[in-house]
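# Results of the structural survey
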Amino acid sequence: MNGAASRVVVVGAGLAGLTAAVELVAAGAEVTVLEARDRVGGRVHGVPVADTAVADAGAAYLGVRHTELLALLRKHRLGLVPTGMAGDSTFLMYDHRTTSANRMPPLRGVALGKLFDRLEELVDQVDAEAPWRSPRAEYLDGITAGGWMDDQGVHPDARTFFPLFIGEMMAADPSAISALHMAFYLRSGGGIRYLNAFEGGAQQWRIDGGAHRLCAALSQRLGQRVLLGHPVYGIDQNAGGAVVRCVSAADRTRQDYPADRVVVAVPPLLAQRIEFRPGLPTPRATAATRPGCATKVHLTFPAPLWRKHGLSGWSLSTNGPLLSTVDDSPPDDSAGVLTGFVTGAATSLFGELSSTKQRDAAVAHVHRLFPQLPAPTRCTVSDWLAEKYSRGGYAALFGLGDWLRLGPALTTPHGRVHWAGTETSLEFFGLMEGAIRSGRRVAAELIHAAEPSTVPPEVVVR
């Protein structure tokens with residue numbers, strides 16, 4: 001370990017921060033991880049949905065191309081569960097319910113094919129290593145994904161499908177993201193077909209027992225180096241070192257942690273709220289940057305009863321609150337768990353409802369989708385927009401102008417401060433794989449670090 005980075009404070013105990021911390025400890029660094037919540041995992045979180053089952057409230061799915069994640073799972077002896085897709089799909093298109101043996105909604109196939117062709121053409125234009133240098137980057141970053149769609153002249157059925165697709169893939173309203181961000185996200189994740197696929201795609205598996213088990217395993221390796229309930233509000237640095245300033249939730253006292261280097265591994269909207277002295281030359285988020293609009297609803301049944309009716313549990317709806325559902329039942333079928341996704345523009349409206357009205361709306365929707373089912377025994381809602389220390393999920397959404405302004409400095413250290421998190425990964429941006437890769441990248445930066453770039457001398461570190 002380079003002596004210039006022997007003491008490292010990691011801000012955030014999500015998958016990126018934990019990965020970086022484990023790598024740095026292995027290299028001989030003295031590491032402290034400061035986490036604002038009372039748990040590790042960040043946007044990876046497990047919630048009990050039955051006496052025998054825990055579901056993924058946050059990040060959940062993975063595929064064969066997620067090599068770093070798969071390697072970590074093998075190392076920690078965590079198994080995989082196939083995402084259940086046997087049976088027919090269910091569609092609720094403007095309150096008209098149909099079922100089908102495939103996942104194509106009852107919309108004009110030619111129209112949807114034309115839409116995907118246009119999307120593929122757009123995705124192929126993106127420079128995967130530097131999206132802001134893509135051909136037509138200025139134009140694409142200056143128009144929303146919805147605006148791009150308006151210019152395509154496609155059939156109304158394609159217009160119906162487009163926000164459903166973007167909501168499912170990115171937890172985004174097409175009017176809130178730039179066309180460049182949409183195209184980059186789809187390219188970064190492995191392409192439209194890979195991201196959208198279960199078997200052989202990015203949604204092929206779940207982690208047996210929940211993705212939070214991996215975060216718990218990484219945290220266990222770090223032991224007392226992880227301090228929960230320590231939200232960071234400031235980072236000061238000068239030529240001699242850095243100080244990370246936080247508040248202990250236990251007694252509300254302010255605490256300072258000196259460091260040679262700092263890794264900030266929190267979502268951009270949270271990083272932007274930290275007071276940096278000296279200030280950042282480029283912000284981590286702008287007024288156009290939006291939180292990912294995602295709420296997960298888990299509905300629990302005594303068993304996966306939909307399978308008895310030849311249904312997979314997967315559904316797609318044009319009207320909310322649930323954009324889609326998927327079968328997330330435990331592998332022993334000790335409970336039936338339908339996971340519903342409220343994404344995009346519907347998320348804020350759903351979040352304004354009381355918990356009782358949220359449950360009533362979700363249950364009523366599932367009854368329209370699966371009228372054969374009894375009432376669920378439990379309904380669990382995980383609203384990521386309301387999470388103070390997440391500011392949305394799956395990932396931050398880059399709005400108009402964000403890639404041109406933020407992209408070039410995405411991973412550039414600010415003196416002694418380095419950046420991690422899935423939003424700093426140009427590979428699998430927004431996914432668990434991207435978070436892990438970002439953690440490994442930043443750890444390698446510090447392990448092989450030269451002296452930090454110069455910072456103004458006016459800040460006195462005590």
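Residues numbered from 1 in each chain as written. Predicted model: local features only at pLDDT ≥ 70, side-chain atom pairs only at ≥ 80, totals over all residues. Heavy atoms only, no water.

Per an unreviewed UniProt entry, the protein carries the name Amine oxidase and comes from Mycolicibacter sinensis. The Cofactor (unreviewed entry) field of the UniProt record for the protein holds the comment "FAD". What UniProt states about the protein under its Sequence similarities (unreviewed entry) heading is, verbatim, "Belongs to the flavin monoamine oxidase family." (UniProt positions renumbered as here; feature names shortened; annotations may be inferred.)

What follows deals with the overall build of the protein. Of regular secondary structure, the protein possesses 14 helices and 21 strands. The C-alpha atoms of the protein give 22 Å as radius of gyration, which agrees with the globular expectation for 462 residues (23 Å, within 12%). Along the first, second and third principal axes, the C-alpha set of the protein runs to 65 × 50 × 40 Å. Sorting the 462 residues of the protein into buried and exposed places 60% on the buried side. The contacts in the protein between residues at least 6 apart in sequence include a share of 73% that link residues at least 24 apart. Surface accessibility of the protein: about 18,100 Å² in total, with carbon and sulfur atoms responsible for 51%. (Helix = DSSP H or I, 4+ residues; strand = E, 2+ residues; numbered from the N terminus. Rg over C-alpha atoms; globule rule 2.2 N^0.38 Å. Buried < 20%, exposed > 50% of the residue type's maximum accessible area, 1.4 Å probe, protein only. Contact = heavy atoms within 4.5 Å. Areas by Shrake-Rupley, 256 points an atom, 1.4 Å probe, with all protein chains shown as cover.)

Below, the discussion takes up the sheet that holds strand 9 (residues 205–207). Taken in spatial order, the three strands line up as 5-9-6 in an open sheet, and their pairing is antiparallel. At either end of the open sheet lies a strand with only one pairing partner, and these are strand 5 (61–62) and strand 6 (80–82). Relative to strand 9, strand 5 runs antiparallel, the two sharing two bridges. Residue pairing across strands places Leu62 opposite Trp205, the latter belonging to strand 9. (Pairing = 2+ DSSP bridges.)

On to the pattern of salt bridges. Under the defined criterion, the tally for this structure stands at 17 salt bridges. In this structure, Arg193 engages Glu120 in a salt bridge whose closest nitrogen and oxygen atoms are separated by 2.2 Å. Of this pair, Arg193 sits in helix 8 (residues 192–196) while Glu120 sits in helix 3 (residues 109–124), and the two are 73 residues apart along the sequence. Assessed through its relative accessible area of 58%, Arg193 is described here as exposed. (Salt bridge = Lys/Arg side-chain N within 4 Å of Asp/Glu carboxyl O.)

Let's shift gears to the domain arrangement of the protein. Per the domain assignment, the segments making up the protein are domain 1 (7–43 + 210–282 + 412–450) and domain 2 (80–103 + 198–207 + 293–383). Centre-to-centre separation of domain 1 and domain 2, based on C-alpha positions: 34 Å. (Domains from an automatic or database assignment.)

With that settled, consider the environment of Ser390. Mapped onto the elements, Ser390 comes out in the loop between strand 20 (378–383) and helix 13 (402–406). A relative accessible area of 1% places Ser390 in the buried class. If near-sequence neighbours (up to four positions away) are discounted, Ser390 is found in contact with Arg37, Arg43, Pro267, Leu270 and Trp384.

So, about the UniProt feature "domain: Amine oxidase" (unreviewed entry) in the protein. The residues that UniProt annotates with the feature "domain: Amine oxidase" (unreviewed entry) are residues 15–447. Between the end C-alpha atoms of residues 15–447 there is a gap of 19 Å, over a span that is 31% helix and 23% strand.

A separate point is the nonpolar core. Counting 55 residues, the largest nonpolar core has Leu119, Phe162, Phe165, Met182 and Leu186 as its most contacted members. If you list the elements that add at least two residues to this core, you get strand 7 (88–93), helix 3, helix 4 (137–140), helix 5 (145–150), helix 6 (156–170), helix 7 (179–188), helix 8 and strand 17 (311–317). No other element matches the eight residues that helix 6 contributes to this core. Sequence-distant contacts of Phe162, that is, excluding residues within four places in its chain, are made with Leu115, Leu119, Ala145, Gly146, Trp148, Met149, Pro174 and Met182. (Core = buried A, V, L, I, M, F, W, Y, C linked by side-chain atoms within 4.5 Å.)

Below, the discussion takes up the packing of helix 6 against helix 7. Closest axis-to-axis distance for the helix 6/helix 7 pair is 11 Å, and the angle between their directions is 55 degrees. When the axes of helix 6 and helix 7 are compared, the pair comes out oblique. Considering only the axes of helix 6 and helix 7, their crossing is left-handed. Facing Phe162, Phe165, Ile166, Met169 and Met170 of helix 6, the residues of helix 7 in contact are His181, Met182, Tyr185 and Leu186. (Axes fitted to C-alpha atoms, helices over the stretch in contact; angles between N-to-C directions. Parallel < 35°, antiparallel > 145°, perpendicular 65-115°, else oblique. Left-handed = near helix turned anticlockwise from the far one by under 90°.)

Time to look at the packing of aromatic side chains. Under the defined criterion, the tally for this structure stands at 14 aromatic pairs. Look at Phe116 and Phe161: their rings are 5.8 Å apart centre to centre, the planes differ by 65 degrees, and that puts the pair in the edge-to-face class. Pair noted here: Phe116 is in helix 3 and Phe161 is in helix 6, with a separation of 45 residues, a long-range link. Each of the two residues, Phe116 as well as Phe161, counts as buried. Ring geometry for Tyr185 against Phe429: centres 6.2 Å apart, planes inclined by 75 degrees, an arrangement best described as edge-to-face. Of this pair, Tyr185 sits in helix 7 while Phe429 sits in the loop between strand 21 (417–419) and helix 14 (432–447); the two residues are 244 residues apart in sequence, bridging distant segments of the chain. Note on Tyr185: relative accessible area 4%, which makes it buried. It is Arg103 that lies over the ring of Trp314; its NZ or CZ is 4.5 Å from the centre. For Arg284, the ring lying beneath its charged end belongs to Trp419, and the centroid distance is 3.9 Å. (Phe/Tyr/Trp six-rings, centres within 6.5 Å; stacked < 30°, edge-to-face > 60°. Lys NZ or Arg CZ within 6 Å of the ring centre and 35° of its normal.)

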